[in-house]
Amino acid sequence: MFEGIEMAPPDAILGLTESFKKDPRPEKVNLGVGIYKDAQNNTPVFQSVKKAEERLIAEEKTKSYLPIPGDPAYGLAVREMVFGAEHEILGSKRAVTVHTPGGTAALRVGGDFIRRNLSCRRIWVSTPTWENHGAVFNAAGLDVGTYPYYNAADKVLAFDAMAGALERVPGGDVVLFHACCHNPTGIDPTVDQWRQLAVISQRAGFLPFFDFAYQGLGDGLKEDARGLQEFCRSGCEILVASSFSKNFGLYNERVGALTLVAGTADAAERAFSQLKICVRTNYSNPPNHGGAIVTTILRDAALRALWESEVREMCARINGMRTLFVDTLRRLGIKQDFSFIARQKGMFSYSGLTAEQVDALREQKALYIVRSGRINVAALTPDNIEPVCRAIASVL
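Nothing here was measured: the structure is a model prediction, and the numbers come from that model. (Residues numbered from 1 in each chain as written. Predicted model: local features only at pLDDT ≥ 70, side-chain atom pairs only at ≥ 80, totals over all residues. Heavy atoms only, no water.)

1. Some words on a nonpolar patch on the surface
A cluster of nonpolar side chains, namely M1, F2 and I5, defines an oily patch on the protein surface of about 510 Å² accessible area. Inspection of the secondary structure puts I5 in the segment before helix 1 (14–22). Of the residues examined, I5 reaches a relative accessible area of 61% and is grouped as exposed. (Patch = residues over 30% accessible without salt bridge, like charges linked within 9 Å, V, L, I, M, F, W, Y side chains within 5 Å. Areas by Shrake-Rupley, 256 points an atom, 1.4 Å probe, with all protein chains shown as cover. Salt bridge = Lys/Arg side-chain N within 4 Å of Asp/Glu carboxyl O. Helix = DSSP H or I, 4+ residues; strand = E, 2+ residues; numbered from the N terminus. Buried < 20%, exposed > 50% of the residue type's maximum accessible area, 1.4 Å probe, protein only.)

Rendered as structure tokens:
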């Protein structure tokens with residue numbers, strides 16, 4: 001029965017990593033996959049995470065199942081992190097959260113929920129967006145439309161085109177936003193622009209769905225939520241997919257959450273019952289360990305302070321490498337203006353490199369970059385910045 005199955009194409013990002021691993025050249029550098037690296041080119045375990053794990057292992061008494069939506073304490077910790085502990089949304093009990101195996105599962109559960117419970121059959125994503133967005137929502141049975149986001153000529157947000165397109169989104173459709181650190185461009189709306197988008201959302205009548213994968217890696221933990229919170233008016237309805245791979249370094253623990261905000265507490269409770277069905281028919285209930293780490297850190301003042309300092313250090317290192325990248329290219333005599341990279345936020349930058357230049361870098365210089373030209377700035381280090389910039393200079 002399996003003889004007629006065709007070989008699937010490799011994943012655009014993870015497939016690049018497989019090619020990188022097989023490359024025997026010692027000088028190879030991978031700027032493709034979205035994983036944070038420290039100055040020593042390691043993906044470190046946070047000190048706060050290790051301390052939390054030590055406590056959890058010492059106190060562990062059972063390996064029993066978690067509830068279908070996960071530990072309620074985890075859900076509350078996630079909501080407080082996204083909205084703030086004193087936000088009206090929490091006090092009114094209009095928000096519910098399910099613990100998911102990573103941010104990707106949060107997106108998929110959201111897609112399943114939309115398909116099963118709403119009249120909507122279409123979700124709109126930015127052009128460009130994370131390569132997996134379309135596949136995830138298509139797999140959930142949704143059509144995927146696109147709206148303008150990036151002005152390639154000027155390397156800025158195409159806000160007027162974006163706003164104009166969103167004005168025309170049919171009421172009842174869903175629009176996906178990157179809450180901060182847009183992947184792949186690294187370009188976010190300003191707070192005022194977010195405010196305008198929130199007004200458009202209310203007027204057009206579409207449902208905002210936020211992919212919040214990088215909280216803390218842009219301007220700060222609270223600051224990165226400001227755009228999302230512009231949509232949090234009284235009676236608002238939104239979805240938020242959170243990921244803790246990057247800001248807790250919990251990549252292989254697969255820790256995420258989907259938070260639904262309804263107009264009333266009663267509507268939230270009814271939606272929660274349907275979200276639990278989506279979870280039950282998919283992975284049944286979430287894994288415990290990663291979520292317990294997040295809950296332990298966010299509930300302990302000392303661990304939280306340590307974790308927040310580690311997130312700030314990550315953010316500072318990424319921003320420092322952005323500046324060093326631009327300065328090194330300039331020092332090497334590159335006339336092309338790359339200053340926009342220093343203004344972008346988060347782990348990724350849309351470099352402006354063409355697919356042909358990216359192919360040449362891989363083949364000739366062992367430098368691996370996604371063919372869209374997206375660069376993982378967090379994989380740059382003081383040791384590899386010079387050879388990386390010299391390689392890029394050779395193809396410009």
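And the narrative resumes.
2. Brief notes about the sheet that holds strand 4 (residues 143–148)
The 7 strands lie next to each other as 2-10-9-8-7-3-4, forming an open sheet whose pairing is mixed. Both outer strands of the open sheet, strand 2 (95–100) and strand 4, are each paired with one neighbouring strand and no more. Strand-to-strand, the axes of this sheet are offset by a mean angle of 25°, without reference to chain direction. Sheet analysis places strand 3 (residues 122–127) next to strand 4, joined by 6 bridges and oriented parallel. Opposite T127, over in strand 4, you have P148 as the bridge partner. Set on the sheet, helix 6 (residues 132–139) makes contact with strand 3, strand 4, strand 7 (174–178) and strand 8 (207–212); between it and strand 4 the angle comes to about 150°. (Pairing = 2+ DSSP bridges. Axes fitted to C-alpha atoms, helices over the stretch in contact; angles between N-to-C directions. Contact = heavy atoms within 4.5 Å.)

3. A few points about the environment of E253
On the secondary structure map, E253 appears in the loop between strand 9 (238–243) and strand 10 (256–261). Separated by 33 residues in sequence, E253 and G220 place their C-alpha atoms 23 Å apart. Setting aside chain neighbours within four positions, we find E253 in contact with E53, H289 and G290.

4. A look at unusual backbone geometry
In this structure, P128 follows T127 across a cis peptide bond, with omega equal to 5°. Despite not being glycine, N41 has its phi angle at roughly 70°, a positive value. Examined against the element boundaries, N41 turns out to sit in the loop between strand 1 (29–30) and helix 2 (47–59). For N41, a relative accessible area of 42% translates into the label partly exposed. A positive phi angle, near 55°, is found at R254, a position not held by glycine. With respect to the secondary-structure elements, R254 resides in the loop between strand 9 and strand 10. When its relative accessible area of 34% is taken as the criterion, R254 is described as partly exposed.

5. Section: the environment of G218
Examined against the element boundaries, G218 turns out to sit in the loop between strand 8 and helix 9 (226–229). Spatially, the C-alpha atoms of G218 and R121 are 32 Å apart, while their sequence positions differ by 97 residues. Setting aside chain neighbours within four positions, we find G218 in contact with C181, D224, C315, N319 and K345.

6. Observations concerning the layout of surface pockets
Its volume calculated, the largest pocket comes out at about 690 Å³. Surrounding the largest pocket, 30 residues form its lining, G34, T104, W130, K246 and R254 being those nearest its centre. Mapped onto the lining of the largest pocket, the elements with two or more residues apiece are helix 5 (102–117) and helix 6. Of the residues forming the lining of the largest pocket, the biggest block, 3 residues, is contributed by helix 5. Space inside the second largest pocket adds up to approximately 450 Å³. Taken together, 24 residues make up the lining of the second largest pocket; nearest its centre are F113, L118, L207, E237 and V261. Listed by contribution, the elements that provide at least two residues to the lining of the second largest pocket are helix 5, helix 8 (191–204), strand 8, strand 9, strand 10 and helix 10 (265–280). The element that contributes the greatest number of residues to the lining of the second largest pocket is helix 10, accounting for 4 residues. (1 Å grid on protein atoms, 1.4 Å probe; cavity = no way out; pocket = protein on both sides within 12 Å on 5 of 7 lines; lining within 4 Å. Points joined across faces, edges and corners; volume = space filled by probe spheres on them.)

7. Examining the pattern of salt bridges
Summed over the entire model, instances satisfying the criterion amount to 21 salt bridges. Residue R195 pairs with E230 through a salt bridge whose shortest N-O separation is 3.3 Å. Residue R195 is found in helix 8, and its partner E230 is found in the loop between helix 9 and strand 9; the two are separated by 35 residues along the sequence. Note that R390 and E386 form a salt bridge whose closest N and O atoms lie 3.0 Å from each other.

8. What to know about the packing of helix 14 (residues 355–365) against helix 15 (residues 385–395)
Relative orientation of the contacting elements helix 14 and helix 15 amounts to 125°, with a least axis distance of 10 Å. As far as their axial angle goes, helix 15 and helix 14 are oblique. Relative to helix 15, the crossing made by helix 14 is right-handed. Touching Q357, A360, L361 and K365 of helix 14 are A391, I392, S394 and V395, all from helix 15. The class makeup of the residues in the contact of helix 14 with helix 15 is 5 nonpolar, 2 polar and 1 charged. (Parallel < 35°, antiparallel > 145°, perpendicular 65-115°, else oblique. Left-handed = near helix turned anticlockwise from the far one by under 90°. Nonpolar A, V, L, I, M, F, W, Y, C, P; charged D, E, K, R; others polar.)

9. Quick look at the side chain of D211
Note that D211 resides in strand 8. The charged side chain of D211 is buried without a salt bridge, its nearest counter-charge being K246 at 8.9 Å. When near neighbours in sequence (up to four residues on either side) are disregarded, D211 contacts L107, H133, L176, F177, H178, A179 and A241. (Lys, Arg positive; Asp, Glu negative; His and termini not counted.)

By themselves, these are just geometric observations and shouldn't be taken as functional.
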